[in-house]
Amino acid sequence: MELDYRTEAEQYLLEARAGGSAVRILNSTKKLEEVLYQKKLKPIDVGTDYREIRGLKAKAYSHECLHWLRIIRRKNSFSAIQKFEEARIKGGLSYRKVGTSRLEMGMRKLFAKFFSRKTFYPSYY
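Along every chain, residues carry numbers that run from 1 in the direction the sequence is written. With pLDDT at 70 or above as the cut-off, local features in this predicted model cover only qualifying residues; side-chain atom pairs require 80 or more to be listed or tallied, and sums for whole chains, interfaces and linings still use all residues. Hydrogens and water molecules were not included; the side-chain quantities draw on all heavy atoms of the structure.

I'd love a proper account of the pattern of salt bridges, names of residues and values included.
Salt bridges, as used here, are contacts in which a Lys or Arg side-chain nitrogen is within 4 Å of a carboxyl oxygen on Asp or Glu. Applying the stated rule across the entire model yields 7 salt bridges. For the salt bridge of E85 with K109, the shortest nitrogen-to-oxygen distance reads 3.9 Å. One end of the pair, E85, is in helix α4 (residues 78-91); the other, K109, is in helix α5 (residues 102-116), with 24 residues separating them in the sequence. A salt bridge links E104 to R108, with the nearest nitrogen and oxygen atoms 3.0 Å apart. Of the two residues, E104 and R108 are both situated in helix α5; the distance of 4 residues between them amounts to about one turn of the helix. Each helix is a run of H or I in the DSSP string that is no shorter than four residues. Each strand is a run of E no shorter than two, and both are numbered from the N terminus.

An account of the nonpolar core is requested, with residue identities and associated values reported.
Counting residues in hydrophobic clusters, the biggest one holds 15 residues, and the most contacted among them are C65, I72, F84 and M105. Among the secondary structure elements, those contributing two or more residues to this core are α3 (50-74), α4 and α5. For this core, the element with the most residues is α3, which contributes 6 residues. The contact rule is simple, with two residues in contact once any of their heavy atoms fall within 4.5 Å. The residues contacting I72, other than those within four sequence positions of it, are A80, I81, F84, M105 and R108. Ranked by size, the runner-up nonpolar core spans 14 residues in total, among them L13, A22, L32 and V35. Here, nonpolar core refers to any group of buried Ala, Val, Leu, Ile, Met, Phe, Trp, Tyr and Cys residues whose side-chain atoms link them within 4.5 Å. Under the scheme applied here, a residue whose accessible area is under 20% of the maximum for its type counts as buried, over 50% as exposed, and between as partly exposed, the area being computed with a 1.4 Å probe on protein chains only.

Below you can see the structure in the form of structure tokens.
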């Protein structure tokens, strides 16, 4: 049975356009790009272009950044800061685009490192 790769690519495009979680959008766009590359299809063949695909990915990374930024602002979690930075860089987003600044992130990193250390209490007994 021969698969219709154009229909498969269109399905991934529809999933990405439908939105939902950032992970779902990123998985859909990744699979879409794989099908386009492997089967030598052009984006126009499935009703899109590279600009739309990049836009969908940027939107997903932006949502991911906002998710981690909310967590960072509630509690200065160093791991959340790392995940925020990873998503920001992968999405090619500036601090301004995601609603923060380099200064705020620098301060939050400093506070996360300072407050995450455990205090050593010597035993005198």
